[in-house]
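Reading the structure
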Amino acid sequence: MSGFEKMKIIDTQERICPCCMARHEVKRVSYEVNVTYKGIPVKYNEESFYCDNAGEWFVEEDMMSKNYKAMIDAYSGPP
Ligand SMILES: [Zn+2]
């Protein structure tokens, strides 16, 4: 995951973390992403969880499809 900026924390919740399998506070963050989709530069906001224990980012299935939808919505397509 590279090229993201303007990250902001949406919320923090204590839960079983699927990344490290321990119960702790997991941050949900949103950040701006710039990608090239079908040759068109697309800018949109993506969401992700962050595990402090493992120091890793992860997304869940519904979040992944939400992120994908956000990208498709931002993609205007060729003129
Ligand atoms: Zn964790």
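See the structure shown above.
Residues numbered from 1 in each chain as written. Predicted model: local features only at pLDDT ≥ 70, side-chain atom pairs only at ≥ 80, totals over all residues. Heavy atoms only, no water.

1. Things to note about the overall build of the protein chain
Where we set the bar: Helix numbering and strand numbering both begin at the N terminus, where a helix is a DSSP run of H or I of at least 4 residues and a strand a DSSP run of E of at least 2. The cut-offs for exposure are 20% and 50% of the maximum accessible area for each residue type, with area from a 1.4 Å probe on protein chains only; residues under the lower value are buried, those over the upper are exposed, and the others partly exposed. Contact criterion: two residues are considered in contact whenever any of their non-hydrogen atoms come within 4.5 Å of each other. For accessible areas, the Shrake-Rupley method is used with a probe of radius 1.4 Å. Any residue's cover is judged against the shown protein chains and nothing else.
If you tally the helices and strands in the protein chain, you get one helix and four strands. Overall, the protein chain shows an N-to-C arrangement of helices and strands of β-β-β-β-α. The 79 residues of the protein chain split such that 30% are buried. The contacts in the protein chain between residues at least 6 apart in sequence include a share of 41% that link residues at least 24 apart. In the structure as shown, the protein chain presents an accessible area of about 5300 Å², 51% of it carried by carbon and sulfur atoms.

2. Describing the environment of Ala 74
With respect to the helices and strands, the residue Ala 74 is situated in helix H1 (residues 61-74). When the C-alpha atoms of Ala 74 and Tyr 44 are compared, they prove to be 6.1 Å apart, with 30 residues separating the residues in sequence. Each residue touching Ala 74, except ones within four places of it in the same chain, is listed here: Val 42, Lys 43 and Tyr 44.

Distances and angles like these do not, on their own, reveal function.
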